[in-house]
Amino acid sequence: MNTTESAHGQPLLAARGLYKAYGSTPALRGASAQLRAGEIVAVTGPSGSGKSSLLHCMAGMVRPDHGQVMYGDEHLAHASEDRLSELRRTQFAVVFQFGQLIPELTAVDNVSLPLILGGTDRRTAHGQAHSWLERFGVLDRAEARPGELSGGQEQRVALARALVTGPRIVFADEPTGALDSLAGEQVMTELTAAARELGAAVLLVTHDATIAAYADREIRLTDGRTGALEVSA
Ligand SMILES: Nc1ncnc2c1ncn2[C@@H]1O[C@H](COP(=O)(O)OP(=O)(O)OP(=O)(O)O)[C@@H](O)[C@H]1O
């Protein structure tokens, strides 16, 4: 598949020359990456190479020390906290390895929450949450709390919560990292199918080549840098 920028127009999200250090520890040292609308891109590399830091900067969760993150024509590194929260509520969604669901809330309440925070009434939000729980095969766990779910069920509820708002970009940081390989592949199959149906782009951090193979393209990080190894899958 041809994934050149000219074939697909302007990138939806573009990071250029990112630098980020935590105290004296450099995490990013000149990383660049692009995500086009509807594209699934894996960020790979060894432990400590800066994968999560790149995702956090591109999602507007962490401000880089230097460099640009452009969402369309908007500079995310300079956006206000209010604007970043709005983007996270309406256009960006995140899925992590674990610990992302609110333990006191049932599965359906966890999935409904982003809609309710965006002003949707509770009944409508619950209806949409139930549809997404059904889509991911966990409708029968709607009234369970996260502590009562298996790892695979918990990730499916997290996917439902990420997708319920119809985001343009899903940021997924080792979304299958806490699952065995079969459950991990099932969750990836469901995530990529749902993202493609919605036309959502996915930025997927993984150290696992089997999981990276679900992406259209791979960006490889080494010591906080992206090199010439950006390849088409
Ligand atoms: N909040 C933080 N405080 C201090 N150091 C950090 C922080 N986040 C990341 N680092 C350091 O920055 C470097 C890059 O970390 P990062 O988590 O981005 O890499 P990674 O490739 O995602 O690693 P892993 O695969 O192990 O999760 C590492 O040396 C890490 O220890």
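Residues numbered from 1 in each chain as written. Predicted model: local features only at pLDDT ≥ 70, side-chain atom pairs only at ≥ 80, totals over all residues.

Going by the annotation in an unreviewed UniProt entry, the name recorded for the chain is ABC transporter ATP-binding protein, with Streptomyces montanisoli given as the source organism.

Student: Could you give an account of unusual backbone geometry, with specific residues and numbers?
Tutor: Most peptide bonds take the trans configuration, and most residues that are not glycine carry a negative phi. One non-glycine residue, Glu 174, lies in positive phi territory at about 45°. Inspection of the secondary structure puts Glu 174 in the loop between β7 (169–173) and α7 (181–198). Phi at Asp 223 is positive, roughly 50°, even though this residue is not glycine. By the C-beta count within 10 Å, which is 16 here, Asp 223 ends up partly exposed. (Helix = DSSP H or I, 4+ residues; strand = E, 2+ residues; numbered from the N terminus. Buried ≥ 20, exposed ≤ 12 C-beta atoms within 10 Å, placed from the backbone.)

Student: Give me the lowdown on the environment of Arg 83, citing residues and values where you can.
Tutor: Take Arg 83: it is sitting in helix α3 (residues 81–90). A residue is classified by how many C-beta atoms lie within 10 Å of it, and Arg 83, with 14 of them, is partly exposed. Remark: the alpha-carbon pair of Arg 83 and Gly 60, spanning 23 residues in sequence, is separated by 9.9 Å.

Student: Before we move on, can you summarise the confidence of the model for the chain with the specific residues and values?
Tutor: Mean pLDDT for the chain: 90, with 94% of residues reaching 70 or above. For the stretch residues 1–7, pLDDT sits under 50, and the model shows nine contacts to residues farther than four places along the chain or on other chains. This stretch, residues 229–233, has a pLDDT under 50; its non-local contacts, to residues over four places away or in other chains, come to 11 contacts. Per the prediction output, this complex has pTM 0.91; the corresponding ipTM is 0.95. (pLDDT = per-residue confidence, 0-100. Contact = placed C-beta atoms within 7 Å.)

Student: Go over the pairing of strand β8 (residues 201–205), please, and point to the residues and values.
Tutor: With five of five residues buried, β8 lies mostly within the body of the structure. Where strand β3 (residues 40–44) meets β8, four bridges bridge the pair, whose relative direction is parallel. Bridging from a neighbouring strand, Ala 42 pairs with Leu 204 of β8. Handedness of the β-α-β unit built from β7, α7 and β8 comes out right-handed. (Pairing = 2+ DSSP bridges. Right-handed = clockwise from strand over helix to strand, strands pointing away.)

Student: Any details on the environment of Leu 115? Residues and values, ideally.
Tutor: Here Leu 115 lies in helix α4 (residues 107–117). Residue class for Leu 115 comes out buried when judged on the 21 C-beta atoms lying within 10 Å of it. C-alpha of Leu 115 to C-alpha of Arg 89: the two residues are 26 residues apart in sequence and 8.4 Å apart in space. The residues touching Leu 115, leaving out its near neighbours within four places in the chain, are Thr 120, Ala 125, Gln 128, Val 164 and Thr 165.

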